[in-house]
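Structure assessment
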Amino acid sequence: MIARQILFLFSALGAINGIFLAVYFFSRRPRRVADCVLGALLLAVGIRTAKSTFLFFNPGIALEFRQLGLSACLLIGPLTWLYVRYYLDELSHRPPGPQWRWHLGLSFLIIAAGIAFPYAAYRHIWDYSSYGIHAFWLCYLLAGGAALWQARATLFGPGRRLSASTLLLLSVYFGSCLILLAYATTPFTSYIVGALSLTFSIHVTVLVFLLRREPSEAKEKYRNNKLSQEEAQAVLATLEQLMSSQKLHLNPNLTLAQLAKRAGCTQAAVSQVLNDKLDKSFNAYVNEYRIAEAKKLLADEPQLNLEAVAERCGFNSNSTFFAAFKKVAGQTPASFRAGFAA
């Protein structure tokens, strides 16, 4: 009895942790398409595993719950492939495309057809359809594997250190392969093996994620990858062009990652240029543009109150605006406006 309870605990643990991790990746900032896809993937796998766990320990479970688990399988394959695709696009500085609409649209179309022919009324069809669902999943895994193989030089090139994010990608991809293998071989093993496989995969993924390189290691790598004078000047010119023409500083949620992506550079390169060439942090650099914008508004639009000026210049709060203005301009916004008016 105790062994059965322990087996249930470990089986359910993967589903629970998968759902919690899904919430984390959905809410992670800065928001990335790859993170959102990963969150959706973990949610789908969590639902599938929860169904498997409860079915194994309670064979009389409602047929609607069984249909929910099988429907989730139709999403796991496309989401695995999309996660690989969007990660590789981001690595190559390509903007995310609309692939998810077509692939997930196909999955939801099949799910809708399943709703029209429910498990309870067409059980014999659903029992055989599981083979097709697993084949559908496998096709996307093969497409994801092909994409990883084509990008092997970028991911594992000579002298290139395997990053934590790439390890996370690989653990998610091979975890999806492991779970499919476990479910496909249940006639020879046990139905609960799939749920246990998810628990193992989730914990490996969490371990990889938690073992990200420490800040000291990042700094060491940063020191060993200095940009040349010409490269640094080119990055700086690109940043100034972006900030001046596109006014990225007016976005109150602008991050270093977003700025680097728009500039076609790595975050480390942007940080290095700002620190070495301008002796400024990212926040100080952006705030100087915001304060310059604020000065124009204070001078040209005296009818605007200070709160409105702060908001239009990209500040999230008035206190941040006042502190930044005092630091950059050496006076408060009110005294600047008064002196300009006089």
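Higher on the page you've got the structure.
Residues numbered from 1 in each chain as written. Predicted model: local features only at pLDDT ≥ 70, side-chain atom pairs only at ≥ 80, totals over all residues. Heavy atoms only, no water.

Looking at the pattern of salt bridges
Two side chains bearing opposite charge may form a pair once their charged atoms approach each other closely. Inspection of the entire model under this criterion finds 6 salt bridges. With its nearest N and O atoms 3.5 Å apart, the salt bridge here joins D89 to R85. In this pair, D89 and R85 both sit in helix α3 (residues 63–91), 4 residues apart, roughly one turn of the helix. Between E288 and K280 there is a salt bridge, with its nearest N and O atoms 2.6 Å apart. Shared partners join several salt bridges into a network, and the residues in it are R32, D35 and E90. (Salt bridge = Lys/Arg side-chain N within 4 Å of Asp/Glu carboxyl O. Helix = DSSP H or I, 4+ residues; strand = E, 2+ residues; numbered from the N terminus.)

Some details on the nonpolar core
Membership of the largest hydrophobic core comes to 44 residues, with the highest contact counts inside it found for L38, Y83 and W137. For this core, the secondary structure elements donating two or more residues are α1 (2–27), α2 (33–57), α3, α4 (99–116), α5 (123–150) and α7 (164–184). With 13 residues, α3 is the largest single contributor of residues to this core. Dropping the residues within four chain positions of it, L38 is found in contact with F25, Y83, L168 and V172. Membership of the second largest hydrophobic core comes to 21 residues, among which are V235, C265, A269 and L274. (Core = buried A, V, L, I, M, F, W, Y, C linked by side-chain atoms within 4.5 Å. Buried < 20%, exposed > 50% of the residue type's maximum accessible area, 1.4 Å probe, protein only. Contact = heavy atoms within 4.5 Å.)

Regarding the side chain of Q67
As for its position among the elements, Q67 is in helix α3. Judged by relative accessible area, Q67 falls into the buried class, the value being 10%. For Q67, the residues in contact, after removing those within four places along its chain, are G114, I115, P118, Y119 and W126.

Here's the deal with the side chain of R290
Assignment of secondary structure puts R290 in helix α13 (residues 282–300). One buried charged residue, R290, remains without a salt bridge, the closest side chain of opposite sign being E293 at 9.8 Å. In this structure the side chain of R290 is engaged in a polar contact, spanning 2.7 Å, whose partner is the backbone oxygen of H249. Polar side-chain contacts of R290 include one of 3.0 Å to the backbone oxygen of N251. (Lys, Arg positive; Asp, Glu negative; His and termini not counted. Polar contact = N/O pair within 3.5 Å; in protein donor to acceptor, adjacent residues only side chain to side chain.)

Shape is all these values report; function is a separate question.
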